[in-house]
Amino acid sequence: MNYKKITLRRGKEESLKRFHPWVFSGAIATADDSIEEGDLVSVFAADGRHIGNGHFQVGSIMVRILSWGDTAIDDDFYAERLAQAWRVRKALGLMRPDNNSFRLVHGEGDFLPGLVVDVYGNTAVIQAHSPGMHFARKSIAQALVNLPDGVIKNVYYKSETTLPYKAHLDPENQYLIGAFDSDVAIENGLRFHVDWLRGQKTGFFVDQRENRALLERYSAGRRVLNMFCYTGGFSFYAMRGGAQLVHSVDSSGKAVSLTERNVELNYPGDERHKAFAQDAFDYLDTMPAGAYNLIILDPPAFAKHKSALKNALIGYRRLNAKAFSKIESGGVLFTFSCSQAVNKEQFRLAVFSAAAQSRRKVRILHQLTQPADHPINIYHPEGEYLKGLVLYVE
Ligand code: SAH
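Here goes a summary of the coordinates provided. Given the structure is predicted, the values throughout are model-derived calculations rather than measurements.

1. Here's the deal with the packing of helix α5 (residues 209-218) against helix α6 (residues 233-240)
Point 1. The interhelical angle for the contact between α5 and α6, taken along N-to-C directions, is 30 degrees, at an axis separation of 8 Å. In this structure, α5 meets α6 at a crossing whose hand is right-handed. Across the interface between the two elements, Arg209, Asn211, Arg212, Ala213, Leu215 and Glu216 from α5 touch Gly233, Phe234, Tyr237, Ala238 and Arg240 from α6.
Point 2. Its residues assigned to classes, the contact of α5 with α6 comprises five nonpolar, two polar and four charged.

In structure tokens form, the structure reads like this:
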């Protein structure tokens, strides 16, 4: 292809030979002068061998490789990659009358670095994380409505907060195709409002679907605390599972009202549920010991970058220590980390330290991760970000 050219330093093609799709700034020897943020580029090894084509970006990751060969990155390319992603989601059985929300594109996990697409009923919500994907948004939107089965009719673009601020792209959140139809989506038979216009991320955290279903199985007769509830996902599963009471807590008043609306949608007037807008640490400090025997801790990413790792691990330890010190004996704790910079072992060590500090007897019942619609590209292990432990606390 006649894309602008990037040549690597000698020996810097090693990780690319193993199909890892990122080119770091330090690996680049020369780049065409005219290259601009979001451009398509061709990457060459020092010996002149062509490696692949991808999107250029200013930052520590400078190229995200989209094709390992000289394929054109055009409308047909996006149509083909999205059709592959669609086939995988069909194979996963996620399109059913009782489930119409799922992640269709998970960045590198679907060989489309920089792109996330979540589907809620007939609406797809696109998030671009790279300028290249921002420029490709119209082509992606068209490919989405052309997918088989005619499921996707509306495409909403929501990248105001995900694109690099310095790129000055002024992305406007808007419908690229279609318009608002319904904001109610279904997950495992439970309904929820998705606020893709104003909500966090694409409006709902579809990545906890299977972990919520597991929680439902533990809920019968329990007193449940859903900490960091956001839209209340875990809460209405706990209610369906027969919980005695469910308290949802989030520091954001908006999240608390979303939770209340969602509980109302599934269990109108059910007095088992209450929601509180309060800081997690304050709530855990002041609640009476033994008030709950099923606690969910699903905080936001404490480490957004490697530099924040140490403080993040301290944060996870402190948070979990509070839960260990207060949960009733015989209680079950679902605890999560969605920080990509924290690996499974580090998270487990933080939780281990918290347990030891509380001197409780703790068993690991389940080790949880992200569901199959958030696949991990085997050559890009960084794509594994969600970690969870289910613990039995005596
Ligand atoms: N469990 C949710 C997702 C949680 S996202 C689900 O299943 O969908 C993290 C949430 O933590 C956000 O809603 C955010 O508002 C909330 N949050 C962030 N800091 C907090 C704090 N200090 N105390 C309580 N909630 C907090």
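Having seen it, we continue.
2. With respect to the sheet that holds strand β5 (residues 50-56)
Point 1. Taking strand neighbours across the sheet as the criterion, the six strands line up as β2-β6-β5-β4-β1-β3 in an open arrangement whose pairing is mixed. In the strand order of this sheet, the two ends are held by β2 (22-24) and β3 (28-31), each with one partner. With strand direction ignored, the average angle separating the axes of adjacent strands in the sheet is 35 degrees.
Point 2. Bridge analysis of strand β4 (residues 40-44) against β5 gives five bridges, and the strand direction is antiparallel. Bridged to Ser42 within β5 is Asn53.

3. Structural notes on the pairing of strand β18 (residues 331-337)
Point 1. The element β18 is largely enclosed, with a buried count of seven among its seven residues.
Point 2. Burial along β18 is two-sided: the face carrying Gly331, Leu333, Thr335 and Ser337 and the face carrying Val332, Phe334 and Phe336 are both buried.
Point 3. When strand β17 (residues 294-297) meets β18, the two strands line up parallel, connected through four bridges. When the sheet's bridge partners are listed, Ile295 is paired in β18 with Leu333.
Point 4. Direction of pairing for β18 relative to strand β20 (residues 387-393): antiparallel, over a ladder of seven bridges. By the bridge assignment for β20, Leu333 is matched with Leu391.

Rules and cut-offs
- Residues numbered from 1 in each chain as written.
- Predicted model: local features only at pLDDT ≥ 70, side-chain atom pairs only at ≥ 80, totals over all residues.
- Heavy atoms only, no water.
- Axes fitted to C-alpha atoms, helices over the stretch in contact; angles between N-to-C directions.
- Helix = DSSP H or I, 4+ residues; strand = E, 2+ residues; numbered from the N terminus.
- Left-handed = near helix turned anticlockwise from the far one by under 90°.
- Contact = heavy atoms within 4.5 Å.
- Nonpolar A, V, L, I, M, F, W, Y, C, P; charged D, E, K, R; others polar.
- Pairing = 2+ DSSP bridges.
- Buried < 20%, exposed > 50% of the residue type's maximum accessible area, 1.4 Å probe, protein only.

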